[in-house]
Amino acid sequence: MLVRIHPHWKILLQETFDDPYFNSLISFVKKAYQKGQCYPPGKLIFNAFDQCPPKQTRVVLLGQDPYHGQGQAHGFCFSVPKEVAHPPSLINIFKELTKDIGCDYPKNGELSSWAKQGVLLLNSTLTVAAGKAGSHQGKGWEFFTDRVIKTLSNNFEGIVFMLWGGYAKQKIKLINAQKHLILTAGHPSPLSANRGYWFGNKHFSKCNEYLVSKGKTPIEWNRVI
């Protein structure tokens, strides 16, 4: 399995990569991919890390599971490749984005431009079996991604953590709120959004206001290409 990850992450997370649990996790993932169809493609499992080095990370957007439909997952939470129909959660994210910052609705759901600006599009679980949501939960990915969140919190300052939904909000305990901004809201899925827990959160503008206050460049959220 060919895996790409930015070398700066390798340095920052070396202790984690050397931990015996991580070897067990990778062994599970390799067997799962050999046994049946899994997503994302092996070379894109660490795509979020490869496209967003730690020192450039200004925002952490946390999802839970990769999409489990064919052709959807490509290593970024909530994102889908160009020409792929927008899943319901992404539609609601874009609806809130257009209302919040006054931009046009993005034509595609490819969010790599966000990643390249310093938005770590992190799923708590980085792999999934085709058609089986949550199938790779509890295998060690959560321990790894918790380490990522805590490492960023401890080693850097002024990062915006966007935690959407009950699962993501559990990660608050890993983040130093004195050093970073934590934005919470309901999940953008229709079930939550339609009950009033998502729309109107203005997280995109709040994020940029905070970044500017810290002397950092704001995210061009409307740059979805």
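To keep things clear, this report deals only with the structure shown in the data block. Position numbers for residues start from 1 in each chain and track the written sequence from start to end. In keeping with the predicted nature of the model, local features appear solely for residues at pLDDT of at least 70, side-chain atom pairs appear and are counted solely at 80 or more, and the whole-chain, interface and lining totals rest on all residues. Side-chain calculation: all heavy atoms of the structure are included, whereas hydrogens and water are not.

So, about the sheet that holds strand E2 (residues 59–63). Spatially, four strands are ordered E3-E2-E5-E6 in an open sheet, and the strand pairing comes out parallel. For this open sheet the edge positions go to strand E3 (119–123) and strand E6 (181–185), each flanked by a neighbour on one side alone. The sheet shows a mean angle of 20° between the axes of neighbouring strands, direction not considered. A pair of strands is labelled paired if DSSP reports no fewer than 2 bridges between them. Strands are runs of DSSP state E lasting at least 2 residues, helices are runs of H or I lasting at least 4, and numbering of each runs from the N terminus. Two elements, strand E5 (residues 160–164) and E6, share five bridges in a ladder whose sense is parallel. Fitted lines through C-alpha atoms serve as axes, helices being fitted only where they are in contact, and the angles separating the N-to-C directions of these axes extend from 0 to 180 degrees.

In this section: helix H10 (residues 203–213). Throughout, exposure labels follow a simple rule: accessible area from a 1.4 Å probe, protein chains only, divided by the maximum for the residue type, with under 20% read as buried, over 50% as exposed, and the rest as partly exposed. Along H10, the residues classified as buried are His203, Phe204, Ser205, Cys207, Asn208, Tyr210 and Leu211. Looking at the residues trailing H10, positive phi occurs at Gly215, about 75°.

Let's shift gears to the packing of aromatic side chains. Any two of the Phe, Tyr and Trp rings considered here, Trp counted by its six-membered ring, make a pair once their centres fall within 6.5 Å; the pair's planes then place it as stacked at under 30 degrees, edge-to-face at over 60, or tilted in between. Evaluation of the coordinates by the stated rule reveals 18 aromatic pairs. Ring centres of Trp9 and Phe49 lie 5.0 Å apart, and the angle between their planes is 85°; this geometry places the pair in the edge-to-face category. Placement of Trp9 in helix H1 (residues 7–12) and of Phe49 in helix H4 (residues 47–51) is noted, with a sequence separation of 40 residues between them. Classification of Trp9 as buried rests on a relative accessible area of 0%. Judged by relative accessible area, which is 0%, Phe49 ranks as buried. Aromatic rings pair up to connect Trp9, Phe17, Tyr21, Phe22, Phe46, Phe49, Trp141, Phe143 and Phe144 into one cluster. By definition here, charges over rings are those cases where NZ of Lys or CZ of Arg is within 6 Å of the ring centre and within 35 degrees of the ring normal. The side chain of Lys99 reaches across the aromatic face of Phe199, ending 5.2 Å from its centre.

Moving on to the pairing of E2. When you tally the buried positions in E2, you get five out of five residues, the bulk of the element. Burial along E2 is two-sided: the residues Val59, Leu61 and Gly63 and Val60 and Leu62 are all buried. Note: E2 against E3, five bridges, orientation parallel. Of the residues in E3, the one forming a bridge with Val60 is Leu120. Inspection of the sheet shows E2 paired to E5 by four bridges, in the parallel sense. Following the sheet pairing, Leu61 is matched in E5 by Met162.

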